[in-house]
Amino acid sequence: MKILLINPPRSPENRILEYAPSEAKHFIHKKLIGPPLGLLTVAAAVADHDITFIDLKGEYDLVPETPPLAQVVTNLMESVKPDVVAVTFIASEFYFGLEIFRTAKQCNLEVLTVAGGLHATLCPMDFDFPYVDILCTGQAAGIFRQVIQAKEFQKNFNSIGGIWLHTENGWQPSTAPPAAWNAATENFLFPDRNLLKRWISTYVVGGSPFASTYLFTSLGCPYKCTFCSIWVQFKGCFFQRKVESIITELKSIEDYGVVRFADANTIVNPGFINHLVDRILEEGIQKTYIMDIRFDTAVHYPYLIEKLAKAGLKVVICGFESFRQEELKKYNKNADARLIEQAISIFHANGIMLRGNYVIPPDYTPDDFAALAEYASHHQVVYAGYTILSPMPGTVYYEEVKDKIIDFDLSRYNFFNSVMKTTLPPEKFYENVGSLWLIKKGKDVI
């Protein structure tokens, strides 16, 4: 079987960047950098087939004059002649994914189109278009392999559990029960990073001379923040990988000097991480690590932060979300805002470059912006991010505020655009958010 796997382009919608003061524009995120870990795992699941893989984010970064998306897909359809085209979806890239499928079907009506990823899992009804054939939901590498086998041997797709089928009556879940699949342990697949060699030079963050890759030590999250889709995707479950599996993967990625741990929270089980660090040091693995660590976790386990720093942890992404306890409570953050200051001190004392992220509600007034600016100025971090509290489809927050949403263009659901009415005039709101990006110690952005 000939399989074409496509990571779609990123959304260009960024109103914070558009309205920000000129001196702040350098610091504001313009793109998310990193290999598509999920799609690489899907590739590993069907490695015995003829795979063509393209990371269009990397391609447009590498060759800016690359033709428009429809032409790229047409060229691929003509050269590869795939039996199956599969795309991974998040909300802000939804329309690009649909364009890929629409173009593929225009080239060959018989090609099987398969959607997977976060948005396919949480919002299957959004895909009600004639050029989308199958949805693979959840951790879908094993399910996708079953789809390929059914296609190859002309079996009924209804025999595959965990998929949605496009029928004359719209989307229908398959009748078979989903097979058990634990992508973190017994069913873990090492991502096929050999498919990425063309784009390695584009996976560079900050001032590092080394390419970065994602690697997860866990899936899901035990916390239930209202604005987050990760715990919803995994139905509140948390899955931890085996330490030796992670060590094997770290030793296999010689092309990548920077490892971005793609966990919702890297330290959920302190004993596990402590053991992992011991094994990294024992094996003499030398990498630069980037991790997501909660501020309250840092305060409760300062010895572990010190140990991680000695093992190569250089950057921590920390969701402060807000300096106000009442806002954290509203977000169900389950953390004490008073611990932020202690966490900053612990990270800085260990030479860790901290990226502190705040989310800005659309109802912020000039007084709210002034209060946040004052707090951030007195609690500066090396990197800082100020994004917009966004009702991502499928989250608890979306259900809470869906009647207040005024913009349903999914390409703007990337935390850089308000899809609800702002208290301030929109241009003033974005200008205020953009100005906050200047409040930081560092001179770069990550």
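The present account deals with the structure reproduced in this document. Nothing here was measured: the structure is a model prediction, and the numbers come from that model. (Residues numbered from 1 in each chain as written. Predicted model: local features only at pLDDT ≥ 70, side-chain atom pairs only at ≥ 80, totals over all residues. Heavy atoms only, no water.)

1. Some points on the layout of surface pockets
No. 1: Its boundaries defined by the atoms lining it, the second largest pocket holds a volume of some 700 Å³.
No. 2: Taken together, 26 residues form the lining of the second largest pocket, with T137, G138, Q139, Q233 and K235 sitting closest to its centre.
No. 3: Secondary-structure elements contributing two or more residues to the lining of the second largest pocket are α6 (118-122), α7 (141-152), β6 (163-167) and α8 (230-233).
No. 4: Ranked by the residues each element gives to the lining of the second largest pocket, the list is headed by α7, at three residues.
No. 5: Taken together, the residues of the lining of the second largest pocket sort by class into 15 nonpolar, 10 polar and one charged. (1 Å grid on protein atoms, 1.4 Å probe; cavity = no way out; pocket = protein on both sides within 12 Å on 5 of 7 lines; lining within 4 Å. Points joined across faces, edges and corners; volume = space filled by probe spheres on them. Helix = DSSP H or I, 4+ residues; strand = E, 2+ residues; numbered from the N terminus. Nonpolar A, V, L, I, M, F, W, Y, C, P; charged D, E, K, R; others polar.)

2. Considering the sheet that holds strand β12 (residues 288-292)
No. 1: Judged by pairing direction, the sheet is parallel, and its six strands sit side by side in the order β8-β11-β12-β13-β14-β15 without closing on themselves. Each having just a single partner strand, β8 (212-215) and β15 (383-388) make up the two edges of the open sheet. Direction aside, the axes of adjacent strands within the sheet are offset by 20° on average.
No. 2: Bridging between β12 and strand β13 (residues 313-321) involves four bridges; their strand directions are parallel. Note on β13: the bridge partner recorded for I290 is V315. (Pairing = 2+ DSSP bridges. Axes fitted to C-alpha atoms, helices over the stretch in contact; angles between N-to-C directions.)

3. Topic: the environment of C221
No. 1: When you line up the elements, C221 lands in the loop between β9 (218-220) and α8.
No. 2: By relative accessible area, which is 7% here, C221 ends up buried.
No. 3: Remark: the alpha-carbon pair of C221 and V268, spanning 47 residues in sequence, is separated by 8.3 Å.
No. 4: Dropping the residues within four chain positions of it, C221 is found in contact with I230, W231, G236, C237, F238, A264 and N265. (Buried < 20%, exposed > 50% of the residue type's maximum accessible area, 1.4 Å probe, protein only. Contact = heavy atoms within 4.5 Å.)

4. Focus on empty space enclosed by the protein
No. 1: This model, assessed by the stated rule, comprises one cavity of 30 Å³ or more.
No. 2: No other element matches helix α3 (residues 56-62), which puts three residues into the lining of the largest cavity.
No. 3: Looking at the lining of the largest cavity, its residues break down into three nonpolar, three polar and four charged.

5. As for the sheet that holds strand β3 (residues 84-88)
No. 1: The strand order across the open sheet formed by seven strands is β2-β1-β3-β4-β5-β6-β7, and the pairing between neighbours is mixed. Strand pairing shows two members of the sheet lacking a second neighbour, β2 (50-55) and β7 (170-173), which therefore form its edges. Pairs of neighbouring strands in the sheet enclose a mean axial angle of 20°, with direction left out of account.
No. 2: With four bridges connecting them, β6 and β7 associate as antiparallel partners. Note that in β7 the partner of L165 across the bridge is Q172.
No. 3: Relative to β3, helix α5 (residues 94-107) is tilted by about 170°, and along the sheet it contacts β1 (2-7), β3 and β4 (112-116).

Coordinates in, geometry out; function isn't part of it.
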